[in-house]
Amino acid sequence: MPMDAGEIERLIRESIPDATVSIEDLRGDGDHYAAHVTSAQFAGKTRVQQHQMVYRALKGRMGGELHALALQTSTPA
Amino acid sequence: MSDPVVFDRIRQDIKDNDVVLYMKGTPVFPQCGFSAAVVQVLSHVGVKFKGVNVLTDPEVREGIKAFANWPTIPQLYVKGEFVGGCDIVREMFETGELQSLLKDKGVQVTAAAAQ
């Protein structure tokens, strides 16, 4: 059962409350998204750790329900 | 809960090979866009690597996700360390971080790509 962009954003913000999330549906199939997540909580963390935080927020859907999420993370400017 | 047996196989592979890419398909015939993208980056950088086709090895396909605490394939390892999946490897290539990581770790790159 594919996911919708709103649910992805809700899940991310539930675990990373200060996050700003922009999501683009790459193919309109609910399975291939690109997301840019910005949060102060990423400060001092490696990219791998930042992405792992986002994957944890998605509570196991990454790689399953959500086949592809092209992810970019950054800390606020 | 002791480590799954497959972790030993993975540890051996990433120890014996400077650069290992766990991917869907093979370097010559990648069978997933993300895996193909990383193969392309590695050939641009001009680094030799071992491709492990997880589609023919279900145990590694799941084991590698637990090993790196990373839910997707492809996964790139340099000198035994997890570097990232497709997004991170591409981003590091664009910023030049991948090239300097390989240099810092003393991994051979072909002269053509080293300019």
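For the structure, see preceding data.
Residues numbered from 1 in each chain as written. Chains lettered and ligands numbered in written order. Predicted model: local features only at pLDDT ≥ 70, side-chain atom pairs only at ≥ 80, totals over all residues. Heavy atoms only, no water.

Draft legend 1. Representation of the sheet that holds strand β1 (residues 20-25) of chain A in the model. Residue and element names in this part refer to chain A. Pairing within the open sheet is mixed, and its three strands lie in the order β1-β2-β3. Strands with a single pairing partner mark the edges of an open sheet, and in this sheet they are β1 and β3 (68-74). Adjacent strand axes in the sheet meet at a mean angle of 15°, parallel and antiparallel pairs treated alike. Helix α2 (residues 47-57) rests against β2 (32-38) and β3 of the sheet, and its axis sits at about 125° to β3. (Pairing = 2+ DSSP bridges. Helix = DSSP H or I, 4+ residues; strand = E, 2+ residues; numbered from the N terminus. Axes fitted to C-alpha atoms, helices over the stretch in contact; angles between N-to-C directions. Contact = heavy atoms within 4.5 Å.)

Draft legend 2. A look at the sheet that holds strand β4 (residues 81-84) of chain B. Residues and elements named next belong to chain B. The strand order across the open sheet formed by four strands is β2-β1-β3-β4, and the pairing between neighbours is mixed. Taken across any chain shown, the strands that pair with only one partner, and hence form the sheet edges, are β2 (50-53) and β4. Neighbour to neighbour, the strand axes of the sheet diverge by 25° on average, direction disregarded.

Draft legend 3. Molecular detail of the interface of chain B and chain A. Contact residues are listed per partner, giving 16 residues for chain B and 14 residues for chain A. With both sides pooled, the region where chain B packs onto chain A buries about 1200 Å², and carbon together with sulfur makes up 56% of that total. Its largest share of buried area at the contact with chain A, chain B owes to B:W70, B:D87 and B:E91, together 39% of the area lost on that side. At the junction of chain B and chain A, the tally comes to two salt bridges. We note a salt bridge from B:E91 to A:R47, for which the minimum N-O separation is 3.0 Å. The tally of links between chain B and chain A comes to five residue pairs in polar contact (both at pLDDT 80 or more). Counting residues per element, the ones that place at least two in the side of chain B that touches chain A are β4 and α4 (86-95) of chain B. Here the element with the most residues in the side of chain B that touches chain A is α4(B); it accounts for five residues. Considering only residue class, the side of chain B that touches chain A consists of eight nonpolar, four polar and four charged. (Buried area = accessible area lost by both parts, 1.4 Å probe. Salt bridge = Lys/Arg side-chain N within 4 Å of Asp/Glu carboxyl O. Polar contact = N/O pair within 3.5 Å; in protein donor to acceptor, adjacent residues only side chain to side chain. Nonpolar A, V, L, I, M, F, W, Y, C, P; charged D, E, K, R; others polar.)

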